[in-house]
Amino acid sequence: MAQLHPHLELAPVEFTKLIYEKKGNVAYITFNDPDNRNATDWPGEKGLTDQYWYALDDAEFDDDIKVIVIQGNGKDFHSGHDLSGVGFIYGMGTGQKDERKASQRIRYSVDKGFFHDLAMKLFLIPKITIVRCHGNCLGGGVYIPLHADLAIAADNAKFGCVEQRLGFAGSGAPVNLLMMTVGIKRATDMLLTGRIVKGDEAARIGLVTKSVPEDQLDAEVEKMAESMCLLPRDGIAIGKATRRLIFEGWGLTNSLQDITHTMFTNLRWEADEYNFFKERRDKGVKEGFKGRDERFKGKVD
């Protein structure tokens, strides 16, 4: 039985949007919503996000498990957050009469439980984590491998902080960890432009551990998982605890991500600025999403 996330209702969820499998000492968490390109929904909806938390819990508290492999079914590993729900999770834009503006308390409560706690769950889990990256790895598809111990990508995988084009401009994300991982200038470029980084470039800049041709990806992930299982359970746990102390000393476990995300959700938009929420309201999710990226064509390679 999975342990319980304090931000979720007190009942385990059924795995309908992911597959959880154990093979020897390895747990495989497979995002399994290919029709939705494995996009992340929001906490409390009993969807992929909640199921992902419970799957991590199952692996964390299973002493048979040494290694956790996170991957995705279909064409993409993870295509980011479901933009149809952005803002509504705070109670924004309900259309109800006398709707109250979402308070900072509500915003931060949601953001802490979703962005910070879930990221730290993966970052600090006392097992070795490996992420298999293929296809589109956007938004959360960048940040999941960023928080893992190891990540192996297909050479043609596509990484991009495209959610930053909503207006974050370098906030509302694990900016400190990204800068520490790939360097300040590269991280700032990724955050301000939202440009796509291919898997082979991601390996060169240290965003992932290595990249291989797509037809070799499965074999490379399996080989890595098998080699990590040669380490003793207690050695793995002590190693993770050691890295946790280092990360805490570097300030990588702080709440920068969720606090700045909360601040962004209260942004004031000027008349000449692209407001996704307004575009979504007037034109629908698809057109709002399309308009977000079309503005950058010909300007960002």
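First, a word on what this report is: a plain description of the structure on this page. Each chain has its residues counted from 1, following the order in which its sequence is written. Totals for whole chains, interfaces and linings use every residue, but because this is a predicted model, local features are given only for residues with pLDDT of at least 70 and side-chain atom pairs only at 80 or more, for both listing and counting. No hydrogens and no water enter the side-chain calculation; it runs on all heavy atoms of the structure.

This part covers the overall build of the chain. Put simply, DSSP H or I for four residues or longer makes a helix, DSSP E for two residues or longer makes a strand, and each gets a number counted from the N terminus. Across its full length, the chain holds 11 helices and nine strands. Relative to its length of 301 residues, the chain is compact, with a C-alpha radius of gyration of 19 Å against a globular reference of 19 Å. Based on the C-alpha atoms only, the size of the chain along its principal axes is roughly 60 × 45 × 40 Å. Radius of gyration means the value over C-alpha atoms here, while the globule rule gives 2.2 Å times the residue count to the 0.38 power.

Salt bridges are defined by distance alone: a side-chain nitrogen of Lys or Arg within 4 Å of a carboxyl oxygen of Asp or Glu. Enumeration according to the criterion identifies 21 salt bridges in this entry. The salt bridge partner of Lys 283 is Glu 279, with a shortest N-O separation of 3.1 Å. In this pair, Lys 283 and Glu 279 are both assigned in helix H10 (residues 276-283), four residues apart and thus about one turn of the helix distant. Buried means the residue's accessible area, taken with a 1.4 Å probe over protein chains only, is under 20% of the maximum for its type, while exposed means over 50%, and partly exposed covers the values in between. A relative accessible area of 53% places Lys 283 in the exposed class. The closest approach of N and O atoms between Asp 282 and Arg 281, which form a salt bridge, is 2.9 Å. Relative accessible area serves as the criterion here: at 61%, Arg 281 is assigned to the exposed category. Three or more residues are tied together by salt bridges with common partners; here these are Asp 57, Glu 60 and Lys 121.

With that settled, consider the pairing of strand S1 (residues 18-23). Relative to strand S2 (residues 26-31), S1 runs antiparallel, the two being bridged by six bridges. Paired with Leu 18 across the bridge in S2 is Phe 31. Between S1 and S2, which follow one another and run antiparallel, lie two residues, and Gly 24 among them has a positive phi close to 65°. Paired strands are those between which DSSP finds at least two bridges.

Further remarks concern a nonpolar patch on the surface. Side chains of Met 180, Ile 246 and Trp 250 sit close together on the surface and give an oily, nonpolar patch of about 320 Å² of accessible area. Summarising the element assignment, Trp 250 is placed in the loop between helix H8 (233-249) and helix H9 (256-264). Overall, Trp 250 belongs to the exposed group, its relative accessible area being 51%. Patch membership needs two things, relative accessible area over 30% and no salt bridge, and members are linked within 9 Å if like-charged or within 5 Å if nonpolar (Val, Leu, Ile, Met, Phe, Trp, Tyr). Computed with a 1.4 Å probe, the accessible areas rest on the Shrake-Rupley method; for each residue, only the protein chains presented here act as cover.

Attention now moves to the sheet that holds strand S5 (residues 136-138). Read from one edge to the other, the open sheet built from three strands follows the order S5-S7-S8, with strand pairing classed as mixed. In this open sheet, the two edge strands, each paired with only one partner strand, are S5 and strand S8 (197-198). Bridge count between strand S7 (residues 158-160) and S8: two bridges; the pairing is antiparallel. In the sheet register, Phe 159 faces S8, and the bridge partner there is Val 197. Against the sheet, helix H3 (residues 140-147) touches S5 and S7, its axis set at about 85° to S5. Contacts: residue pairs with any heavy atoms within 4.5 Å of one another. Where helices are involved, their axes are fitted lines through C-alpha atoms of the stretch in contact, as for all axes, and angles between N-to-C directions lie from 0 to 180°.

Closest axis-to-axis distance for the helix H1 (residues 48-60)/helix H2 (residues 104-124) pair is 10 Å, and the angle between their directions is 30°. For the element pair H1 / H2, the angle class is roughly parallel. Every pair of crossing elements has a handedness; the one defined by H1 and H2 is left-handed. Every residue of H2 that contacts H1 at Thr 49, Tyr 52, Trp 53, Leu 56, Asp 57 and Glu 60 is listed here: Phe 114, Asp 117, Leu 118, Lys 121 and Leu 122. Only Asp, Glu, Lys and Arg are considered charged in this grouping, and only Ala, Val, Leu, Ile, Met, Phe, Trp, Tyr, Cys and Pro are considered nonpolar; every other residue, Gly among them, is considered polar. Along the lines of polarity and charge, the residues of the contact of H1 with H2 split into six nonpolar, one polar and four charged. In what follows, roughly perpendicular refers to angles from 65 to 115 degrees, roughly parallel to angles under 35, roughly antiparallel to angles over 145, and oblique to any angle outside these ranges. Note on convention: near helix rotated counterclockwise from far helix by under a right angle means a left-handed crossing. Clockwise means right-handed.

Before going further, it helps to spend a moment on the environment of Lys 66. Within the secondary structure, Lys 66 sits in the loop between H1 and strand S3 (67-72). Between the C-alpha atom of Lys 66 and that of Arg 195, which follows or precedes it by 129 residues, the distance is 35 Å. Once you skip the residues sitting within four places of it in the chain, Lys 66 turns out to touch Asn 25, Lys 127, Ile 128, Cys 229, Leu 231, Pro 232, Arg 233 and Ile 236. Think of a polar contact as two N or O atoms within 3.5 Å of one another; within protein, one of them needs to be a possible hydrogen donor and the other a possible acceptor, and neighboring residues in sequence only count if both atoms come from side chains. A polar side-chain atom of Lys 66 sits 2.8 Å from the main-chain carbonyl oxygen of Leu 231.

Okay, the packing of H2 against H9 next. Their axes nearest at 8 Å, the elements H2 and H9 cross at an angle of 145°. For the crossing formed where H2 meets H9, the hand is right-handed. Contacts between H2 and H9 involve Gln 104, Arg 107, Tyr 108, Asp 111, Lys 112, Phe 115, His 116 and Ala 119 from the first element and Gln 257, Asp 258, Ile 259, His 261 and Thr 262 from the second. A class-by-class count of the residues in the contact of H2 with H9 yields four nonpolar, five polar and four charged.

Turning our attention to the sheet that holds S2. On the basis of which strands lie adjacent, the open sheet formed by six strands has the order S1-S2-S3-S4-S6-S9 and mixed pairing. Sheet topology places S1 and strand S9 (210-212) at the edges, where each strand pairs with a single neighbour. The average undirected angle you get between the axes of adjacent strands in this sheet is 20°. Across six bridges, S2 lies against S3 in parallel orientation.

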